[in-house]
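Commentary on secondary and tertiary structure
Listed below, chain by chain, are the residues.
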Amino acid sequence: MQLLGAMKRGRPGIRATAEKNEPIGYLFILPQVLGFLVFGALPLIANVVLSLYKWSALTPPTFAGLKNFEKLIGDQVFWRSLQNTIVYSVEYVLPCLVVSLALAIVLNQRVRFMAFFRSAYYIPVITSYVVAAVIWNWLFDYNIGLFNQLLSLLHIPPVPWLLDSRIALSSLVVMAIWKNSGYTVLIYLAALQNIPSEFQEAAAIDGANRWQVFRHITWPLLLPTTFLVAVMLTIWSWQAFAQPYLMTRGGPARSTTTLVYSIYEYGFVFYDFGYAALVATVMTLLVFAVTLVQRRVIRQSVL
Amino acid sequence: MRRLLNRILVYVILGGLAVTMVLPFVAMLSQSLKITGEYIEYPFKWIPDKPTLDNYSLLLGNSKILRWTLNSLVISGGTAILQVITASLAGYGFARKRFRGRDAIFWAMMLQLMLPTQVTIIPIFLMLSKLKLVNTYWAFFLPFGTSIFSTFLMRQAMLTIPMEYDEAAKMDGANDFHIYRHVILPMCRPTFIVLAIFAFLAQWNDFFYALIVTQSDKMRTLQVGLATLQPIGGSPGVLMAGATFAFMPTLVLYLTQQRYIVEGLQAGGLKG
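Predicted model, so just to flag it, every value in this text is computed and none were measured.

What follows is about the overall build of chain B. From N to C terminus, chain B includes 15 helices and zero strands. For chain B, whose C-alpha radius of gyration is 24 Å, the value lies well above the compact-globule estimate of 19 Å for 272 residues. Based on the C-alpha atoms only, the size of chain B along its principal axes is roughly 75 × 70 × 35 Å. A burial count over chain B gives 48% of its 272 residues as buried. Sequence separation of 24 or more characterises 76% of the internal contacts of chain B that already satisfy a separation of 6 or more.

Along chain A, the regular secondary structure elements total 13 helices and two strands. Seen through its C-alpha atoms, chain A measures out along the principal axes to roughly 80 × 75 × 35 Å. Within chain A, buried positions represent 39% of all 303 residues. Within chain A, counting contacts between residues at least 6 apart in sequence, those at least 24 apart form 69% of the total.

Moving on to the interface of chain A and chain B. Between chain A and chain B, the residue contacts involve 84 residues of the former and 79 residues of the latter. Broken down by element, the residue count for the side of chain A that touches chain B peaks at 18 residues, all from helix α2 (residues 24-50) of chain A. Split into classes, the residues belonging to the side of chain A that touches chain B amount to 64 nonpolar, 18 polar and two charged.

Let us now look at unusual backbone geometry. Residues and elements named next belong to chain A. At the junction of G251 and P252, the peptide bond is cis and its omega measures out at -10 degrees in the coordinates. With respect to the secondary-structure elements, P252 resides in the loop between α11 (242-248) and α12 (259-268). Its identity as a non-glycine residue notwithstanding, R249 has a phi of 50 degrees, on the positive side. Looking at the secondary structure, you find R249 in the loop between α11 and α12. A count of 13 C-beta atoms within 10 Å places R249 in the partly exposed class.

Turning our eyes to something else, we now look at the nonpolar core. In this structure, A:V130, B:L195 and B:A243 are the most contacted members of the largest nonpolar core, which totals 152 residues. Not counting chain neighbours up to four residues away, the residues in contact with A:V130 comprise A:A242, A:L246, B:F207, B:Q223, B:L226, B:A227 and B:A246.

If you want to describe how two helices pack, look at the angle between their axes and the distance between the axes. One can describe the packing of helix α5 (residues 114-126) of chain A onto helix α1 (residues 2-32) of chain B by two numbers: an axis separation of 8 Å at closest approach and a directional angle of 35 degrees. The interaxial crossing formed by α5(A) with α1(B) has left-handed handedness. On the side of α5(A), the interface is formed by A:F116, A:F117, A:A120, A:Y121 and A:P124, while α1(B) contributes B:L14, B:A18, B:M21 and B:V22. Class assignment for the residues of the contact of α5(A) with α1(B) results in nine nonpolar, no polar and no charged.

Relative to the elements of secondary structure, A:L107 occurs in helix α4 (residues 76-108). It is 7.5 Å that separates the C-alpha atoms of A:L107 and A:L189, two residues lying 82 residues apart in sequence. If sequence neighbours within four positions are ignored, A:L107 has contacts with A:F117, A:V185, A:L189 and B:L14.

Attention now moves to the confidence of the model for chain A. A low pLDDT score tells you not to read the predicted coordinates there in detail. The pLDDT averaged across chain A works out to 85; a share of 92% of its residues lies at or above 70. Contacts of residues 4-13 of chain A to residues separated by more than four positions or lying in other chains number 13 contacts, the stretch itself having pLDDT below 50.

Residue and element names in this part refer to chain A. The end-to-end C-alpha distance of α5, which contains 13 residues, comes to 19 Å, matching closely the 18 Å that a straight helix rising 1.5 Å per residue would cover. Bending of α5 peaks at approximately 25 degrees at the position of A120, with proline P124 no more than four residues after it. Residues of α5 that are buried: F117, S119, A120, Y121, Y122, P124, V125 and I126.

Residue and element names in this part refer to chain A. Note that L72 resides in helix α3 (residues 67-73). When the C-alpha positions of L72 and V279 are compared, they lie 7.9 Å apart, and in sequence the two are 207 residues distant. Other than its neighbours up to four places away in sequence, L72 contacts F78 and L278.

Criteria and thresholds
Residues numbered from 1 in each chain as written. Chains lettered and ligands numbered in written order. Predicted model: local features only at pLDDT ≥ 70, side-chain atom pairs only at ≥ 80, totals over all residues. Helix = DSSP H or I, 4+ residues; strand = E, 2+ residues; numbered from the N terminus. Rg over C-alpha atoms; globule rule 2.2 N^0.38 Å. Buried ≥ 20, exposed ≤ 12 C-beta atoms within 10 Å, placed from the backbone. Contact = placed C-beta atoms within 7 Å. Nonpolar A, V, L, I, M, F, W, Y, C, P; charged D, E, K, R; others polar. Core = buried A, V, L, I, M, F, W, Y, C linked by C-beta atoms within 7 Å. Axes fitted to C-alpha atoms, helices over the stretch in contact; angles between N-to-C directions. Left-handed = near helix turned anticlockwise from the far one by under 90°. pLDDT = per-residue confidence, 0-100. Expected span 1.5 Å × (residues − 1). Bend = angle between axes of the 7 residues up to and from the residue.

Okay, structure coming up:
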């Protein structure tokens, strides 16, 4: 949060003035800047160059011009993975915000065992996706999974959670909400605790009921947090890889192939490095575009 | 009366959700203690009838899990140490020194932070394989030995310290490195610890990158190794034992370092 807050403000450090120059500063930032250049900036440029080449593991790279791009336009798998990523992102971000806001409001009242509740929500956040996937593969299992066992207690027929192309992606979203919503709860809780209680008390004295206090006092004050969290969750949701890799292999029928999963597959299963680099470049541009649009929305509706 | 009902409702909601969050882990532990017959039994039993450590001994005896754990410790520990060093050095430069282009360099790096790291995997992999570093620890130490996010947090922490400290130390004849090491760094201790924990956790939990740059069974990290694990001796509980094994260090770290972890999460420390 500090991070996005600072990016929004663009706060400079101690101002660099003309009269005082301390070149020793370059020495301090050198390792970090080298790391950034070699493993951050350079690969971004290399991606663009690589996407103009036909390069597989066995043959030497040859210049291919826009061949990769032409392939991309007609590539069903790419378009499907883009669609899946967007669906995953929308299905994930909105419920995650709603659920965690509700939970944070409840937690913000003075409750006993607060430490226990908080820990219970945070532990999935710091758990790895691999551990989570081992557990959820069993929970979702058609034959012996816990979910279908619970359904059968209610005399509901078993659900093919990961085996049906119409619901597999949503199943992954459910798991992602379980794993990550504790994080959003934490952010909302911090924001709620920053709202001076005088505001709500004053409104209550004026005769506002609980819903009115929330609607007209709390919610507007939470808007900046909400938008910043939305940006962050969106960027993260675009990174979905471990879930489809470990739980569905992008299937059934490509229904859970995400963008990152397709980059992995083109690059490290088919060894088509040039094409994988093109998909990565397109993804870079899309993420930038989505972030810029969201920032604009934030500016207009909050500031 | 209404107040009481309200109170009860709050605890029911919070308790119900907390239990929902935690139950999958209880089930994991429970399943890891069952032999095949009981594992697939219907209905599921939260407490095994005949708990057994067979799955754990199969795991330790028939997989390289100890080696994977060692790899993960070296990789996570090594990158955490490198990161706090490079980030605190850079944080000092960005927050407390004035030099041409400083803010431009800083914000150029911040721009990169908006991008998911996965988009640069192809060039990074090709570069590492040219340098013959794929499948070595260096494939982790080099790219993750520096971190823009850690630098950002270090800089933020160092910006809050008044400049008088530096000036006083300078009067006493201290050089810049001395001021960094003995004046500023000790004052940023909490941030330093938060960064170390999060750098460690991020690497410990990472799957995508480790999957691509480790290739032999011997070099796998714990997460990648766990992902390649198949039921040993036909016992599906082995996977649950592996998950429990990989989960425990995270849990211990959380329970012992809760304050720092919550603080780090609030700063936006962990990538979902």
